[in-house]
Amino acid sequence: MIGFLSVGAARRAWLFGLTAVAALLPQATFAAASSGPTTSPIAYLYDVGAGSTLFAKQADLPSAPASMATLMTSELVFKAMREGRLKADDSFRITEDAWRRGGAPSRGSTMFAKLNSDVPLPDLLRGMIVQSGGDAAITLAVALAGSEPAFAEMMNRRAQELGLSRSTFRNATGLPDPQQKMTARDIAQLARHIIETYPEEYRIFAEPEFTWNKITQRNRNPLLADYQGADGLKTGYTEESGYGLVGSVARDGRRLIVVLNGLETAKDRAQEARKLLDWGFTAFEQRELFSADEHIAEARVFGGATLHVPLVAGRPVELLTPKGDEARVVARVSYDGPVVAPIAKGARIGTLKIWRGDTLSTETPLLAAEDVPVGDMSRRAFDGAIELLGGWFDKIVARI
């Protein structure tokens with residue numbers, strides 16, 4: 001059970017709307033990023049089931065994503081298909097712009113679609129996902145938004161909706177643009193969203209090859225060839241970005257997502273991805289920190305029949321910790337308070353954040369464990385007086 005701050009400290013934290021509870025959990029294990037299991041300059045490893053970051057190295061540094069940016073293009077197409085705005089029997093014409101900038105004349109990755117040909121939607125998806133075809137990506141962007149710049153605006157809006165706060169898109173292909181950036185953490189979050197939201201469409205990422213215009217190209221993801229459980233997602237390369245990869249592997253009841261970027265060769269990319277995944281699958285043990293119904297903390301209530309509402313996670317809170325090295329595990333509960341009554345049981349109130357060493361490992365929503373009805377007149381008057389005093393306190397502190 002988490003211990004609470006002193007009453008005075010907790011009240012000050014509440015008045016500022018900051019963390020209401022903080023505690024140290026028992027010693028756990030942690031591998032420092034500086035001496036971690038990969039030489040990749042940018043690396044991120046995430047356990048989907050546990051919701052845990054296993055390894056992070058410059059994971060929040062915006063960098064050029066190259067073709068990994070087409071994950072967002074794919075997401076928008078999948079979403080349009082789910083909503084009926086695109087259909088599997090739709091076909092779209094390869095314009096001169098798509099052909100020149102993303103087709104054979106571009107000398108980049110292409111599905112080799114013929115100029116002015118009509119290509120069915122399922123084939124365009126495979127051309128973009130399996131073959132990294134720029135012609136396919138541009139054609140899909142124009143089909144959805146009318147132009148690629150307009151589609152880039154759609155990408156940015158969708159990124160904000162999905163919480164990809166450090167990603168900026170300027171095109172559908174991942175071709176070099178000084179303003180097009182993604183972080184490794186954002187790429188992993190987007191990959192997880194695609195896997196969980198579009199399981200049928202996600203299967204395309206595992207297809208080993210695709211043939212179009214009598215040209216067969218193999219999937220560029222090196223993990224698909226010989227890494228057990230690998231089933232997606234994308235590689236990327238430009239001179240600016242170096243060699244990158246976002247891969248997903250499901251094995252022994254676990255799913256790991258790995259993101260690397262900035263490597264010097266395709267061989268390095270494949271080796272470092274396998275090495276980091278091997279470490280993720282073998283070097284960890286799982287610990288339950290809190291049970292599903294355990295009262296993790298309390299939130300201050302305004303105008304309620306009680307002063308506080310207990311908070312629970314609603315599911316077991318588990319942490320994957322590496323074997324061997326020891327490091328402090330810190331848990332903090334944050335919420336915007338006081339929370340105004342009435343409060344319904346199960347309402348989301350705050351967030352439990354857990355750090356292993358300097359790494360934010362997992363975030364879990366915290367829910368009200370019980371109903372809190374509106375209090376009587378005297379309780380509301382008392383809370384109103386406390387709120388007024390809090391406002392005065394804020395003004396005094398602001399002047400210091």
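Residues numbered from 1 in each chain as written. Predicted model: local features only at pLDDT ≥ 70, side-chain atom pairs only at ≥ 80, totals over all residues. Heavy atoms only, no water.

1. Quick look at the layout of surface pockets
If a probe as big as a water molecule is rolled over the atoms, it shows which places are left empty. Approximately 640 Å³ is the volume attributed to the largest pocket. Forming the boundary of the largest pocket are 25 residues, of which Y44, Y46, R185, Q189 and E363 lie nearest the centre. Breaking the lining of the largest pocket down by element, the ones donating at least two residues are strand 3 (42-47), helix 7 (184-197) and strand 20 (359-368). Residue contributions to the lining of the largest pocket peak at seven residues, all from helix 7. A per-class count over the lining of the largest pocket returns seven nonpolar, 10 polar and eight charged. (1 Å grid on protein atoms, 1.4 Å probe; cavity = no way out; pocket = protein on both sides within 12 Å on 5 of 7 lines; lining within 4 Å. Points joined across faces, edges and corners; volume = space filled by probe spheres on them. Helix = DSSP H or I, 4+ residues; strand = E, 2+ residues; numbered from the N terminus. Nonpolar A, V, L, I, M, F, W, Y, C, P; charged D, E, K, R; others polar.)

2. Some remarks on helix 5 (residues 134-145)
In this model, helix 5 (12 residues) spans 16 Å end to end at C-alpha, consistent with the 16 Å of a helix rising 1.5 Å per residue. Burial in helix 5 covers these residues: G134, D135, A136, A137, I138, T139, L140, A141 and L144. Next to the buried residues of helix 5 lie helix 2 (70-82), strand 5 (91-93), helix 3 (96-102), helix 4 (121-129) and helix 6 (148-161). Once helix 5 finishes, G146 follows within two positions and takes phi at roughly 95°, a positive value. (Expected span 1.5 Å × (residues − 1). Buried < 20%, exposed > 50% of the residue type's maximum accessible area, 1.4 Å probe, protein only. Contact = heavy atoms within 4.5 Å.)

3. Focus on the nonpolar core
Of all hydrophobic cores here, the largest spans 58 residues; its most connected members are L71, M72, L125 and V246. For this core, the element with the highest residue contribution is helix 7, accounting for seven residues. With residues up to four places along the chain from it excluded, the contact list for L125 reads V77, F78, M81, V130, L140 and I204. Counting residues in each nonpolar core, the second largest holds 24 residues, with V301, V333, I349 and L352 among its members. (Core = buried A, V, L, I, M, F, W, Y, C linked by side-chain atoms within 4.5 Å.)

4. Some thoughts on the packing of helix 5 against helix 6
At a closest axis distance of 8 Å, the pairing of helix 5 and helix 6 adopts a crossing angle of 80°. Put simply, helix 5 runs roughly perpendicular to helix 6. Listed contacts from helix 6 to I138, A141, V142, L144 and A145 of helix 5 are E148, A150, F151 and M154. Across the contact of helix 5 with helix 6, the residue classes tally to eight nonpolar, no polar and one charged. (Axes fitted to C-alpha atoms, helices over the stretch in contact; angles between N-to-C directions. Parallel < 35°, antiparallel > 145°, perpendicular 65-115°, else oblique.)

Everything listed here is a matter of coordinates, which is why it stays silent on function.
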